[in-house]
Amino acid sequence: MMSGSDGTKENSHNKARTSPYPGSKVQRSQVPNEKVGWLVEWQDYNPVEYTAVSVLAGPRWADPQISESSFSPKFNEKDGHVERKSQNGLYEIENGRPRNPAGRTGLVGRGLLGRWGPNHAADPIITRWKRDRSGNKITHPISGKNILQFVAIKRKDCGEWAIPGGMVDPGEKISATLKREFGEEALNSLQKSGAEKRELEEKLHKLFSQEHLVIYKGYVDDPRNTDNAWMETEAVNYHDETGEIMDNLTLEAGDDAGKVKWVDISDKLKLYASHFQFIKLVAEKRDAHWSEDSEIDCHGL
């Protein structure tokens, strides 16, 4: 996903340069590929400043402005309950502001992101094998590999299909975030009665307490990123090998999700942010169908 300290590898930093900025009409300053990396001198670089009104209103999930005298964040470390460490190592601070480790984005401030520096998310990738009515695994006719399915939600904010993830609350363990976000977005847990919630919790515990694969940890190329605030995630795959656990859970869109469904995994998918890469890694690690082009199937990322 990223390479080198200046993060200039193409495809690791495209969505973070798109305009208009999500939820606004703000146009970023254009940053050509060769000038993304901070190691490249660019004296005329003049990024646009933008922080959304919803962030400036000071909700509990957002930092104050850097200029506020009462705000003295401890960057690159655990700051009270707020995790300001990056999963990609130390990031630089310039004029009191953290600097995006992947390079220039054409926009300074925080945009829609609450935290200066890294904003931590967790992405639970829940998978099962696609099966026929007799319960047999279905193989792809061309690749000959079993077809894997994952639970996808359609995001309300942009209409794109995505992994049902979300932000890590201050002081929350990643494992708790993964379970909570999946419950809220794919199973509509927030709208359930007390008894239903307890039953759901038991089934989720069974799914989330088994062996799992950490697919990716680190910086995410996200359209909300700015020069001073960026998304990082931990994408974790929980696989229901027999399908029995998920057969007993009814998918129901909730919270930020417009729709939710099981989606067949292949290279034809169009997904939000860096989710395509995460799903590709899952297919490789589970030795599942990915591409109809057998040559691509044999090589990794």
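Residues numbered from 1 in each chain as written. Predicted model: local features only at pLDDT ≥ 70, side-chain atom pairs only at ≥ 80, totals over all residues. Heavy atoms only, no water.

Peer 1: Tell me about the pattern of salt bridges, and please be specific about residues and values.
Peer 2: Under the definition given, this model contains 19 salt bridges. In this structure, the salt-bridge partner of R224 is D222, at a minimum N-O distance of 2.9 Å. Across the pair, exposure class does not vary: R224 and D222 are buried alike. (Salt bridge = Lys/Arg side-chain N within 4 Å of Asp/Glu carboxyl O. Buried < 20%, exposed > 50% of the residue type's maximum accessible area, 1.4 Å probe, protein only.)

Peer 1: An account of the side chain of H239 is requested, with residue identities and associated values reported.
Peer 2: Assignment of secondary structure puts H239 in strand 12 (residues 229-240). Exposure remark for H239: the relative accessible area of 7% places this residue in the buried category. One polar contact links H239 to E241, side chain to side chain, over a distance of 2.9 Å. Look past the residues within four positions of H239 in its chain and what remains in contact with it is T127, R128, W129, L148, Q210 and R286. (Helix = DSSP H or I, 4+ residues; strand = E, 2+ residues; numbered from the N terminus. Polar contact = N/O pair within 3.5 Å; in protein donor to acceptor, adjacent residues only side chain to side chain. Contact = heavy atoms within 4.5 Å.)

Peer 1: I'd like a rundown of the pairing of strand 6 (residues 107-111), residues and numbers included.
Peer 2: Most of strand 6 sits inside the fold, with 5 of its 5 residues counted as buried. Direction of pairing for strand 1 (residues 48-51) relative to strand 6: parallel, over a ladder of 3 bridges. Bridging from a neighbouring strand, T51 pairs with G111 of strand 6. (Pairing = 2+ DSSP bridges.)

Peer 1: For the packing of helix 2 (residues 174-186) against helix 3 (residues 194-208), give the residues involved together with the corresponding values.
Peer 2: Contact geometry for helix 2 and helix 3: axes closest at 11 Å, N-to-C directions at 130 degrees. Judged on the interaxial angle alone, helix 3 and helix 2 are oblique. When the axes of helix 2 and helix 3 are compared, the crossing they make is right-handed. Counted together, L178, K179, F182 and G183 of helix 2 and E201, L204, H205, L207 and F208 of helix 3 form the full contact between these two elements. Per-class residue counts for the contact of helix 2 with helix 3 are 5 nonpolar, 2 polar and 2 charged. (Axes fitted to C-alpha atoms, helices over the stretch in contact; angles between N-to-C directions. Parallel < 35°, antiparallel > 145°, perpendicular 65-115°, else oblique. Left-handed = near helix turned anticlockwise from the far one by under 90°. Nonpolar A, V, L, I, M, F, W, Y, C, P; charged D, E, K, R; others polar.)

Peer 1: Tell me what's going on with helix 5 (residues 275-285), and back it up with residues and numbers.
Peer 2: The buried fraction of helix 5 amounts to 8 of the 11 residues, a majority that puts the element mostly inside the structure. All of the buried residues along helix 5 are H275, Q277, F278, I279, K280, L281, V282 and A283. Packed against the buried residues of helix 5 are strand 7 (117-129), strand 8 (148-155), strand 9 (161-162), strand 11 (212-219) and strand 12. Of the residues one or two after helix 5, D287 is the one with positive phi, at around 55 degrees.

Peer 1: An account of the packing of aromatic side chains is needed here, citing residue identities and associated values.
Peer 2: Following the criterion strictly, the structure yields 9 aromatic pairs and no others. Ring centres of F182 and F208 lie 6.1 Å apart, and the angle between their planes is 55 degrees; this geometry places the pair in the tilted category. Within this pair, whereas F182 is found in helix 2, its partner F208 is found in helix 3, the two being separated by 26 residues in sequence. On the accessibility criterion, F208 (10% relative accessible area) is buried. Grouped by ring-pair contacts, the aromatic residues W38, W42 and Y45 constitute a single cluster. Sitting over the face of the ring of W262, R128 holds its NZ or CZ atom 3.9 Å from the ring centroid. The lysine or arginine in question, K261, covers the ring of W161, its NZ or CZ lying 4.7 Å from the ring centre. (Phe/Tyr/Trp six-rings, centres within 6.5 Å; stacked < 30°, edge-to-face > 60°. Lys NZ or Arg CZ within 6 Å of the ring centre and 35° of its normal.)

Peer 1: Just give me the short version of the nonpolar core, but keep the residues and values in it.
Peer 2: In terms of nonpolar packing, the biggest core is built from 56 residues, with I125, I126, F150, V151, F182, M246 and I279 touching the most fellow members. Per-element tally for this core: the top contributor is strand 12, with 6 residues. Discounting chain neighbours no more than four positions away, the residues touching F182 are P124, I126, V151, P164, L187, L204, L207, F208 and M246. The next biggest cluster of nonpolar side chains, apart from the first, holds 7 residues, and it includes V26, Y50, V55 and A62. (Core = buried A, V, L, I, M, F, W, Y, C linked by side-chain atoms within 4.5 Å.)

Peer 1: So, helix 2: which residues are in play, and what are the values?
Peer 2: Taking 1.5 Å per residue, 13 residues should reach 18 Å; helix 2 reaches 18 Å between its end C-alpha atoms and fits that length. Regarding helix 2, the residues found buried are T177, L178, K179, E181, F182, G183, E184, E185 and A186. (Expected span 1.5 Å × (residues − 1).)

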